[in-house]
Amino acid sequence: MFLNRLKATFSSLKVKIFLGFWIIAIITMSITQWVTEQYNENEKIIEITKADQLHLQLTAKKLVRNFSKEKLRPIDGVLIRSRNIPRGIWLKDPKTNRLHSNTAQLPFRIPRTIKELEFSHAVDITIPGYNLIGPQEVVIRDKTYHLFIGKIIQRKDIPQFLQQMPDGLRVFMVLVITGMLCWVLSWYLIRPLKKLTSATKLIGKGELATRLPEFENRFDEVGQLGQALNGMADKLEHSIAAQQRLLGDISHELRSPLTRMQLSLSMIEKVQHNNPTLDKYIVRVATETSRLDNMISQALQLSRLESQLQQMHNSTFNLSSLLESLIDDAQFVGNEKSISIKADIIENIKFFGDHQLLSSAIENILNNALRYSINDSQISVSLKLKNHKIRIIICDQGPGVDVKYIKDIFKPFFRTSEARDRISGGTGLGLAIASRAIHCHQGHIYAKLATTSNENPGLCVIMTLPQATDTPSS
Ligand SMILES: Nc1ncnc2c1ncn2[C@@H]1O[C@H](COP(=O)(O)OP(=O)(O)OP(=O)(O)O)[C@@H](O)[C@H]1O
Ligand SMILES: [Mg+2]
């Protein structure tokens with residue numbers, strides 16, 4: 001019990017963030033402390049040993065000799081060229097406080113120490129990582145200089161490579177290490193959130209079977225969020241499935257009484273004679289029942305498509321020919337409204353899919369174009385290949401759809417108020433069915449206005465479908 005609570009506390013994101021940043025802060029502080037300690041330790045000054053005194057005097061002599069040979073060369077140049085003296089030689093001009101040396105790779109405190117400290121006799125100065133002996137008076141080119149000899153002390157508690165590392169590189173190392181730790185921490189925190197985001201997007205797109213099983217065994221807040229998302233997806237999937245089932249069931253159940261009504265109606269038609277008033281009502285009832293029948297068929301088809309119960313009868317067929325024959329049929333209907341159909345179709349495009357389903361989807365869009373077109377106008381139909389995708393575009397010169405509703409026309413039962421007012425009928429299910437049918441073929445469908453004109457801008461419905469591998473490219 002106690003262990004479980006402890007586990008839950010430590011796996012909480014809040015504690016993780018706190019501990020993570022704390023550890024990083026402690027590491028950063030320790031490293032910074034260590035680096036600054038290197039510079040802040042005080043100098044230790046002790047009496048010089050006899051051996052060092054001798055070493056100084058000997059080096060001074062060698063220098064005097066070297067300078068007597070090289071009369072014209074600058075002081076630093078002679079120092080650097082002198083092979084018989086050790087590296088780490090410093091010559092200070094006591095009057096100007098100027099320093100000459102044969103080395104550059106030394107802690108930055110050395111020049112300051114040499115410049116600031118005034119000694120009447122030679123001493124042994126130790127600063128962290130470095131040891132200095134001097135001053136020893138030496139006369140070069142008639143001028144008195146103070147000679148110092150320095151040497152790096154290898155510290156045993158610090159690895160050699162760190163001691164030899166330039167200061168800039170040490171700071172860089174601290175930055176890299178802490179940076180890497182912070183990156184790992186943020187990656188650890190952000191990765192599950194990214195997964196959650198993409199899962200939420202998938203659910204939003206309608207892929208309701210998306211789940212995050214790896215979050216079920218996580219106890220922190222992110223785990224809880226993942227579990228909540230899984231639960232929400234479960235609920236959503238169930239309720240949408242139930243809704244679709246209900247729509248399917250109702251449509252199915254309505255069919256039988258409707259069929260019986262149609263049957264009775266035909267019986268009445270047979271038995272009644274010479275009553276024009278009754279005739280009129282019978283025709284009316286017949287039209288309404290057939291409209292109802294049509295609506296129920298469409299609702300059933302949509303429900304099957306949405307619940308993926310619709311059996312796909314896939315085969316490879318010639319999409320160009322299908323479109324041409326649909327255009328022929330549409331032209332026949334269009335003649336009544338003096339509508340001409342202009343076709344621009346690439347020949348012989350093959351497609352693998354459900355011929356009947358795709359045919360009814362395209363037919364519905366063509367029917368819409370005919371239904372909503374004004375008289376004496378033109379409808380254009382094109383089939384092209386673009387970026388390895390088949391593009392079918394059907395445009396009319398009708399009133400179009402208000403841009404704010406242009407996405408809604410693919411929703412079931414959506415009809416613009418003008419369409420509702422029409423006597424031409426229509427249930428508002430055609431585009432929803434077409435859209436599902438196109439999605440079942442891994443395609444995409446959308447609509448846009450054909451022109452920017454205020455009066456009759458026309459509507460274009462664009463369908464893209466994946467190109468079959470054996471489709472000839474244009
Ligand atoms: N070419 C078009 N021009 C103008 N409005 C259109 C066009 N196509 C569709 N619409 C609008 O989109 C709505 C939905 O179209 P959809 O095809 O789904 O239904 P419908 O045509 O009304 O009925 P049916 O279910 O018989 O097809 C239409 O009612 C109409 O308001
Ligand atoms: Mg329609």
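Everything here concerns the structure above.
All figures in this text were calculated on a predicted structure; none of them were measured in a lab.

**Q** Residues and numbers for the overall build of the chain, please.
**A** Counting secondary structure elements, the chain contains 13 helices and 13 strands. By the compact-globule yardstick of 23 Å for 474 residues, the chain is too spread out, its C-alpha radius of gyration being 45 Å. Expressed as lengths along the three principal axes of its C-alpha atoms, the size of the chain is roughly 145 × 65 × 45 Å. The buried share of the chain, taken over its 474 residues, is 37%. Within the chain, contacts between residues at least 6 apart in sequence are counted, and of these 63% link residues at least 24 apart. Total accessible area on the chain stands at roughly 29,200 Å², and carbon and sulfur atoms take up 59% of it.

**Q** Quick one: what's the story with the packing of aromatic side chains, residue by residue and with numbers?
**A** Any two aromatic rings considered together are summarised by their centre-to-centre distance and by the angle between their planes. Overall, the coordinates contain three aromatic pairs when judged by the stated rule. Both rings, one in Phe-317 and one in Phe-351, keep their centres 6.0 Å apart while their planes meet at 70°; by these two values the pair is edge-to-face. With a gap of 34 residues between them, Phe-317 in strand S7 (residues 314-318) and Phe-351 in strand S9 (residues 350-354) connect regions that are remote in the sequence. Relative accessible area serves as the criterion here: at 2%, Phe-351 is assigned to the buried category. Geometrically, the ring pair formed by Tyr-405 and Phe-414 is tilted, given 5.7 Å between the ring centres and 45° between the ring planes. A relative accessible area of 34% means that Tyr-405 is categorised as partly exposed. The exposure class of Phe-414 is partly exposed, given its relative accessible area of 22%.

**Q** Please give an account of helix H8 (residues 221-271) that cites residues and values.
**A** Its 51 residues give H8 an end-to-end C-alpha distance of 75 Å, which sits within 8% of 75 Å, the value for a rise of 1.5 Å per residue. In the structure, H8 departs most strongly from a straight axis at Arg-255, where the bend amounts to approximately 25° and where the proline Pro-257 lies between one and four residues downstream. Where H8 starts, the residue carrying a side-chain oxygen 3.2 Å from the main-chain nitrogen of Val-222 turns out to be Asp-220.

**Q** Any details on the pairing of strand S3 (residues 98-101)? Residues and values, ideally.
**A** Bridge count for strand S2 (residues 89-93) against S3 is four bridges, and the pairing is antiparallel. Residue pairing for S3: Leu-91 is matched across the bridge by His-100. As consecutive antiparallel partners, S2 and S3 are separated by four residues, and within that stretch Asn-97 has a phi angle of approximately 65°, a positive value.

**Q** Requested: an account of unusual backbone geometry, with residues and values cited.
**A** Phi is mostly negative for residues that are not glycine, and the peptide bonds are mostly trans. Of the consecutive residues Gly-134 and Pro-135, the connecting peptide bond is found in the cis state with omega at 0°. As for its placement among the helices and strands, Pro-135 is situated in strand S5 (residues 130-140). Its identity is not glycine, yet Asn-97 carries a phi of approximately 65°, on the positive side. Structurally, Asn-97 is set in the loop between S2 and S3. Even without a glycine there, the phi angle at Gln-442 is positive, about 60°. When you line up the elements, Gln-442 lands in the loop between helix H13 (430-440) and strand S12 (444-449). Using a relative accessible area of 63% as the deciding quantity, one classes Gln-442 as exposed.

**Q** Let's hear about the nonpolar core: which residues, and what values?
**A** Of all hydrophobic cores here, the largest spans 47 residues; its most connected members are Leu-319, Ile-362, Ile-390, Ile-392 and Ile-394. Looking at which element gives the most residues to this core, the answer is helix H11 (residues 355-372), with eight residues. In this structure, this core is formed jointly by two domains, domain 3 (221-306) and domain 4 (315-466), each of which donates at least three residues. If near-sequence neighbours (up to four positions away) are discounted, Ile-392 is found in contact with Leu-319, Leu-323, Ile-362, Ser-382, Leu-383, Val-461, Ile-462, Met-463 and Leu-465.

**Q** Tell me about a negative patch on the surface, and name the residues and values.
**A** The grouping of Glu-324, Asp-328, Asp-329, Glu-347 and Glu-363 at the surface amounts to a negative patch. No other element matches the three residues that helix H10 (residues 319-334) contributes to the negative patch. With respect to the element layout, Asp-329 can be found in helix H10.

**Q** Residue-level account of the sheet that holds strand S11 (residues 389-395), with values.
**A** Here five strands make up an open sheet; going across it, the order is S8-S10-S11-S13-S12 and the pairing mixed. Both edges of this open sheet fall to strand S8 (340-345) and S12, since each of them pairs with a single strand only. Taken pair by pair, the neighbouring strands of this sheet meet at an average axis angle of 15°, ignoring direction. For S12 and strand S13 (residues 459-466), the ladder comprises six bridges, and the chain directions are antiparallel. Note that in S13 the partner of Ile-445 across the bridge is Met-463. Across the sheet, H10 lies against S8, strand S10 (378-386), S11 and S13, angled at about 175° from S8, the strand it touches most.

**Q** Can you explain the pattern of salt bridges? Please cite residues and give values.
**A** As enumerated under the stated definition, the model contains 13 salt bridges in all. For Arg-211, the salt bridge identified is with Asp-234, shortest N-O distance 2.7 Å. Of the two residues, Arg-211 is situated in the loop between helix H7 (167-204) and H8 and Asp-234 in helix H8; the sequence distance between them amounts to 23 residues. Exposure remark for Arg-211: the relative accessible area of 25% places this residue in the partly exposed category. For Asp-234, a relative accessible area of 34% gives the class partly exposed. Residue Arg-211 pairs with Glu-237 through a salt bridge whose shortest N-O separation is 2.7 Å. Remark: Glu-237 occurs in helix H8 and Arg-211 occurs in the loop between H7 and H8; sequence separation between them is 26 residues. Residue classification places Glu-237 among the partly exposed positions, given a relative accessible area of 30%.

Calculation rules
- Residues numbered from 1 in each chain as written.
- Chains lettered and ligands numbered in written order.
- Predicted model: local features only at pLDDT ≥ 70, side-chain atom pairs only at ≥ 80, totals over all residues.
- Heavy atoms only, no water.
- Helix = DSSP H or I, 4+ residues; strand = E, 2+ residues; numbered from the N terminus.
- Rg over C-alpha atoms; globule rule 2.2 N^0.38 Å.
- Buried < 20%, exposed > 50% of the residue type's maximum accessible area, 1.4 Å probe, protein only.
- Contact = heavy atoms within 4.5 Å.
- Areas by Shrake-Rupley, 256 points an atom, 1.4 Å probe, with all protein chains shown as cover.
- Phe/Tyr/Trp six-rings, centres within 6.5 Å; stacked < 30°, edge-to-face > 60°.
- Expected span 1.5 Å × (residues − 1).
- Bend = angle between axes of the 7 residues up to and from the residue.
- Polar contact = N/O pair within 3.5 Å; in protein donor to acceptor, adjacent residues only side chain to side chain.
- Pairing = 2+ DSSP bridges.
- Core = buried A, V, L, I, M, F, W, Y, C linked by side-chain atoms within 4.5 Å.
- Domains from an automatic or database assignment.
- Patch = residues over 30% accessible without salt bridge, like charges linked within 9 Å, V, L, I, M, F, W, Y side chains within 5 Å.
- Salt bridge = Lys/Arg side-chain N within 4 Å of Asp/Glu carboxyl O.
- Lys, Arg positive; Asp, Glu negative; His and termini not counted.
- Charge placed at Lys NZ, Arg CZ, Asp CG, Glu CD.
- Axes fitted to C-alpha atoms, helices over the stretch in contact; angles between N-to-C directions.

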